[in-house]
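What follows is the residue order along each chain.
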Amino acid sequence: GSLTSQNGDMFYVTNTHCKINLSGVKLVNKDSDAYLMRITGNSASHGWGTAGSNGAQAELTADGQALDGNIIVDTISTLNMTLKNGSTFTGTVNITENAQKGTAVDNNAVITIESGCTWTLTGDCKISSLTNNGRINFNGHTITLADGTVLK
């Protein structure tokens, strides 16, 4: 199948726990300034939880899937992303400060790359942890882990 976003982020997850399983889906984001995925709390101005404590928990599994774009996860939210069965991801993953100064949680961005899968960096990344049994094309960029380890 296919999914096209005309305006804004392809996936925006806030104040919920979700599982996103993609396999062979054609993703098209026509907004060049948008993120592939934004996992964050929000201001609660629309009644979505309480500002500073309404983060999101996202589990993203790419199974034979091509992903392209950047992902951000704020400090009160979590992402567990797995690439499997030949999946590719071109982009960045970064942890950002929660805009409402909420209490940070651990393991904000946990990335697993299984054998036969590839992550191609388009910029520097800041994530919690990485399990890499595939390939990373750094393209001169770095991945900084929560413990301060810098991979390049």
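Given the structure is predicted, the values throughout are model-derived calculations rather than measurements.

Engineer: I'm lost on the overall build of the protein chain in this one. Help?
Structural biologist: What the protein chain contains, in helices and strands, is zero helices and 18 strands. The C-alpha atoms of the protein chain give 15 Å as radius of gyration, which agrees with the globular expectation for 152 residues (15 Å, within 12%). With respect to the three principal axes, the spread of C-alpha positions in the protein chain is 40 × 40 × 25 Å. Burial statistics for the protein chain: of 152 residues in total, 43% are counted as buried. Long-range contacts, defined here as pairs at least 24 residues apart, represent 50% of the contacts in the protein chain between residues at least 6 apart. A total accessible area of about 7600 Å² is found for the protein chain, and carbon and sulfur atoms account for 43% of it.

Engineer: Whenever I open this one, the sheet that holds strand β10 (residues 88-90) confuses me. Can you help?
Structural biologist: Two pairing modes exist for strands in a sheet, parallel and antiparallel, and in both the strands are linked by backbone hydrogen bonds. Overall, parallel pairing links the four strands, which are arranged β7-β10-β13-β16 in an open sheet. Unpaired on one side and paired on the other, β7 (66-68) and β16 (135-137) mark the two borders of the sheet. The average angle at which neighbouring strand axes cross in this sheet is 10 degrees, direction not considered. Across three bridges, β10 lies against strand β13 (residues 118-120) in parallel orientation. By the bridge assignment, Phe89 is partnered in β13 with Trp119.

Engineer: Could you clarify how one ought to interpret the pattern of salt bridges in this entry?
Structural biologist: Any two side chains of opposite charge can pair, given that their charged atoms come close. Applying the stated criterion across every chain, the model contains one salt bridge. Of the charged contacts in the structure, one is a salt bridge between Asp9 and Arg38, with a shortest N-O distance of 2.6 Å. On the criterion of sequence distance, the pair formed by Asp9 in the loop between β1 (2-5) and β2 (11-13) and Arg38 in strand β5 (residues 37-39) is long-range, its members being 29 residues apart. In this structure Arg38 comes out as partly exposed when scored by relative accessible area, which is 26%.

Engineer: Before we go on, may I ask you to explain the state of the cysteines in this structure?
Structural biologist: In a disulfide, the sulfur atoms of two cysteines are held together by a covalent bond. This structure, assessed with the given rule, holds zero disulfides. No disulfide involves Cys125; its sulfur sits 17 Å from that of Cys117, the nearest cysteine.

Engineer: Explain the sheet that holds strand β15 (residues 129-132) to me, please; I cannot follow it from the model alone.
Structural biologist: Spatial strand order, β3-β6-β9-β12-β15: five strands in an open sheet with parallel pairing. Looking at the sheet topology across the chains shown, the edges are occupied by β3 (17-22) and β15. Averaged over all neighbouring strand pairs, the angle between strand axes comes to 5 degrees, with direction disregarded. The pairing of strand β6 (residues 57-63) with strand β9 (residues 78-84) spans seven bridges and is parallel.

Engineer: Looking at this structure, how should I read the nonpolar core?
Structural biologist: The tendency in soluble globular proteins is for nonpolar side chains to be buried side by side. Formed by 34 residues in total, the largest nonpolar core has its most connected members in Ile39, Ile71, Leu79, Phe89, Val93, Trp119 and Ile143. Secondary structure elements with two or more residues in this core: β2, β3, β5, β6, β8 (71-74), β9, β11 (93-96) and β12 (109-113). Leave out the neighbours within four places in its chain, and Phe89 touches Leu36, Leu67, Gly69, Ile71, Met81, Leu83, Thr118, Trp119 and Thr120.

Engineer: Please clarify how unusual backbone geometry should be interpreted in this entry.
Structural biologist: In most cases, non-glycine residues show a negative phi, while peptide bonds are predominantly trans. Positive phi values are uncommon outside glycine, yet Asn15 reaches one of about 55 degrees. Its location among the elements puts Asn15 in the loop between β2 and β3. Even without being glycine, Asn139 reaches a positive phi, approximately 50 degrees. By the element assignment, Asn139 lies in the loop between β16 and β17 (143-144).

Engineer: Just to check I follow, could you spell out the environment of Arg135 for this structure?
Structural biologist: Relative to the helices and strands, Arg135 is located in strand β16. What makes Arg135 partly exposed here is its relative accessible area of 49%. A C-alpha to C-alpha distance of 6.4 Å links Arg135 and Trp119, two positions 16 residues apart in sequence. With near-sequence residues (within four places) excluded, Arg135 lies in contact with Ile113, Cys117, Thr118 and Trp119.

What counts as what
Residues numbered from 1 in each chain as written. Predicted model: local features only at pLDDT ≥ 70, side-chain atom pairs only at ≥ 80, totals over all residues. Heavy atoms only, no water. Helix = DSSP H or I, 4+ residues; strand = E, 2+ residues; numbered from the N terminus. Rg over C-alpha atoms; globule rule 2.2 N^0.38 Å. Buried < 20%, exposed > 50% of the residue type's maximum accessible area, 1.4 Å probe, protein only. Contact = heavy atoms within 4.5 Å. Areas by Shrake-Rupley, 256 points an atom, 1.4 Å probe, with all protein chains shown as cover. Pairing = 2+ DSSP bridges. Axes fitted to C-alpha atoms, helices over the stretch in contact; angles between N-to-C directions. Salt bridge = Lys/Arg side-chain N within 4 Å of Asp/Glu carboxyl O. Disulfide = S-S within 2.5 Å. Core = buried A, V, L, I, M, F, W, Y, C linked by side-chain atoms within 4.5 Å.

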